[in-house]
Amino acid sequence: MAQSGMNLYLESISCSICLDLLKDPVALSCGHSYCMKCIETHWDGEDLKTTYSCPQCRKTFTQRPVLDKNVLLAELVEELKKTGLQAAAADHCYAGDEDVSCDVCTGRKMKAVKSCLVCLVSYCEKHLQPHYESPAFKKHQLVEPSKNLQENICSHHDEVMKMFCRTDQQLICYLCSMEEHKDHETVKAAAERTERQKKLEESRLNIQQTIQDRQKDVKLLQQEMKDIRVSADKTVEDSEKMFTQMIHLIQNRSSEVEQQIRSQQETEESRVKELQEKLEQEIRDLERKDAELKQISDLEDHTQFLHKYSSESAVSESKPSSSINIQRPLRHFEDVTAAVKELRGKLEDVLKDTWTNISPSDVLPPQPEPQPALEPEQEPTTRAGFLKYSQEIILDPNTALKRLLFSNGNRKGTAVSQQQSYPDHPDRFTYYFQILSRESLTGRCYWEVERTGGGASVAVSYKNISRAGKSHECGFGLNDKSWSLYCDASGYKFWYKNLKTSVSGPQSSRIGVYLDHSAGILSFYSVSETMTLLHRVQTTFTEPLHAGVRLHNYGSSAEFIKPK
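So, a few notes on the structure that sits alongside this text. This structure is a prediction, so every number in the text was calculated from the model and none was measured. (Residues numbered from 1 in each chain as written. Predicted model: local features only at pLDDT ≥ 70, side-chain atom pairs only at ≥ 80, totals over all residues. Heavy atoms only, no water.)

With that out of the way, let us pick up the overall build of the protein. Helix and strand counts for the protein stand at eleven helices and 23 strands. Of all 564 residues assigned to the protein, the portion counted as buried reaches 28%. Pairs at least 24 residues apart make up 53% of the contacts formed inside the protein by residues separated by at least 6 positions. Looking at the protein as shown, the accessible area adds up to about 37900 Å², and 53% of this sits on carbon and sulfur atoms. (Helix = DSSP H or I, 4+ residues; strand = E, 2+ residues; numbered from the N terminus. Buried < 20%, exposed > 50% of the residue type's maximum accessible area, 1.4 Å probe, protein only. Contact = heavy atoms within 4.5 Å. Areas by Shrake-Rupley, 256 points an atom, 1.4 Å probe, with all protein chains shown as cover.)

Structure, rendered in structure tokens:
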């Protein structure tokens, strides 16, 4: 009971942010206390500067509170350091349920500091002293405290098993070696340990050498990756310059051809105009002569008609000029058109042949000899196994609907009724209460999402999912660019391409997501004291993925848990 009271006392003067005793304690108006540095750092990390909140009760302040050191709390902390912590330290020496207790202590037992493999007894610091001081215990072997000392006792003869039967590959006692293992190959356990220790060390050396070799290979691959990027960037830069130069050459040639065409146009138009003027003059002359002949024809006096006709007969017998041979208008430039068309065909052939002849070796440096493929890793079966692939997820505010509020270092999103003053951004969802992670996900990844307050969809999506509007192309699980597990108090439903699949499994506020991008595996787990598979997807991912979440009720929230 005293220990419980001490724990409560420690909690009352501890900071809920750093979980340590208060340093320069400050108290907020809501009654909760924090280290001055911890609460200032917490508020500095919040995105929204219009309101500030208490990390414990979530009470909000429209203005950032002025923090003053709480002298009374500071004195209590200092007093506890002098008295209470000393008592707690002494109390800490007693054995708990998870500790190995001293077998010699009577009454309340102390923690064991060593176990003796000869005595098969565990000792606290006090009762261990004879093993250090008395010559009688000089040859006893002391090890770290162990609860499994009885495993060293033979179940048949109640003797310490100091022998090893190589025939049956098991530990035995001395009497076993004289009876049922009489004709077997037996040695002392210490000798067998020494031999196996050598083999173990050899195996470790081989593994360590393999690790070093693989690390060297990784560095070579990293350097090769860097060389590929540099080579690709340089090639792109050079090709852009050369294509730009070729475009300029073609543009210059196009201008020259245009000038030649316009010059030829001007020459031809001048020739045609000259012929046109000549013909128009000839027409005027003929019209004039026709009028004169008409006058003669209209004379009624025969004498005058014959007299005029004789004088004008020479004119009437004059021959007109030869007819003009008019060419089709486009024939003047057909040769130019044919020449440009021929040039275009040659250029297409050159580009096609050149590109076809480019092999990967012309673009990238020589590739290393292929190494034997590693066996694919199996999906973990325990939460500890999944946590080895933990991925910290940070949400991208530029993708969030303006009715989502952020906290906990942009790992938590809450649906609110009031629209936030976020700037416009092309990546922002405009209808669905959705948000994507900042990081893209490839390889093997695992993360967990804690939901509160209502329905939420835990999802993954390609980055190029549509953002604007309320069409199915924008909603998680309603298209072929995203996969979504909907969770609420009634159960689970999986969505993909707007198709719903009912999912059974234990209710949990926490969902674990496992992704093996290269293997095309996406799994959703219910996480509580144990992990239960809810739904697994086997597909082919063509692009990096982003973690996402969609909230379905005002006040509901989802937080991407920081891996531990």
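So, next bit.
Moving on, we get to the nonpolar core. Membership of the largest hydrophobic core comes to 38 residues, with the highest contact counts inside it found for Trp 447, Trp 483, Leu 485, Ile 511 and Leu 522. Setting aside residues no more than four positions away along its own chain, Leu 522 makes contact with Val 460, Trp 483, Val 513, Tyr 514, Leu 515, His 535, Arg 536, Val 537 and Phe 541. Within the second largest apolar cluster, 18 residues are counted, among which are Tyr 34, Cys 35, Cys 38 and Leu 67. (Core = buried A, V, L, I, M, F, W, Y, C linked by side-chain atoms within 4.5 Å.)

Position of Asp 396 among the secondary structure elements: in the loop between α11 (383–387) and β11 (404–407). For the buried Asp 396, no salt bridge exists, and the shortest N-O distance to an oppositely charged side chain is 6.7 Å, to Arg 467. Residues within four places of Asp 396 in sequence aside, it is in contact with Ile 435, Leu 436, Ser 437 and Arg 438. (Lys, Arg positive; Asp, Glu negative; His and termini not counted. Salt bridge = Lys/Arg side-chain N within 4 Å of Asp/Glu carboxyl O.)

A few words now on the sheet that holds strand β18 (residues 499–503). The six strands are arranged β13-β22-β15-β16-β17-β18 in an open sheet whose pairing can be described as antiparallel. For this open sheet the edge positions go to β13 (434–436) and β18, each flanked by a neighbour on one side alone. Strand-to-strand twist across the sheet, computed as the mean angle between neighbouring axes with direction ignored, equals 20°. The pairing of strand β17 (residues 491–496) with β18 spans five bridges and is antiparallel. The residue bridging Tyr 492 from the neighbouring strand is Val 503, located in β18. (Pairing = 2+ DSSP bridges. Axes fitted to C-alpha atoms, helices over the stretch in contact; angles between N-to-C directions.)

Let us now look at the packing of aromatic side chains. With the rule as written, the count across this model stands at 13 aromatic pairs. Plain terms: the ring middles of Trp 43 and Tyr 52 are 5.9 Å apart, the flat faces sit at 65° to each other, and that makes the pair edge-to-face. Tyr 52 shares its class with Trp 43; the two are buried. Taken together, the ring pairs connect Phe 386, Tyr 446, Tyr 514 and Tyr 525 into an aromatic cluster. When the ring centre of Tyr 94 is taken as origin, the NZ or CZ atom of Arg 108, which lies over that ring, is 3.9 Å away. Over the ring of Phe 429 we find Arg 467; its NZ or CZ atom is 5.2 Å from the centre of that ring. (Phe/Tyr/Trp six-rings, centres within 6.5 Å; stacked < 30°, edge-to-face > 60°. Lys NZ or Arg CZ within 6 Å of the ring centre and 35° of its normal.)

Turning our eyes to something else, we now look at the sheet that holds strand β5 (residues 114–116). The antiparallel open sheet is built from three strands, whose spatial order is β6-β5-β7. One side of each edge strand has no neighbouring strand; the edge strands of this open sheet are β6 (121–123) and β7 (142–143). Pairing of β5 with β7, which is carried by two bridges, proceeds in the antiparallel orientation. Counted as the bridge partner of Ser 115 is Val 143 from β7.

What follows deals with helix α2 (residues 36–44). An α-helical turn contains 3.6 residues, so any two residues separated by three or four positions project in the same direction. Taken as a whole, α2 has its buried residues at Cys 38, Ile 39 and Trp 43. Down the axis, α2 shows its buried residues gathered within 125° of arc, on one side only. Turning to α2, the residues buried within the fold contact β1 (25–27), β2 (33–35) and β3 (52–53). (Arc of directions from axis to C-beta.)

With that settled, consider unusual backbone geometry. The phi dihedral of Asn 408 falls on the positive side, at around 50°, and the residue is not glycine. Relative accessible area serves as the criterion here: at 23%, Asn 408 is assigned to the partly exposed category. The phi angle at Asn 498 is positive, at roughly 65°, despite the residue not being glycine. Its place among the elements puts Asn 498 in the loop between β17 and β18.

Next up on the list: the environment of Lys 59. Secondary-structure assignment places Lys 59 in the loop between β3 and β4 (60–61). With a relative accessible area of 37%, Lys 59 lands in the partly exposed category. Along the chain, Lys 59 and Ser 29 lie 30 residues apart, while their C-alpha atoms are 9.3 Å from each other. Not counting the four nearest positions on each side in its chain, Lys 59 is found in contact with Ser 29, Cys 30, Tyr 52, Ser 53 and Cys 54.

By themselves, these figures tell us nothing about what the structure is for.
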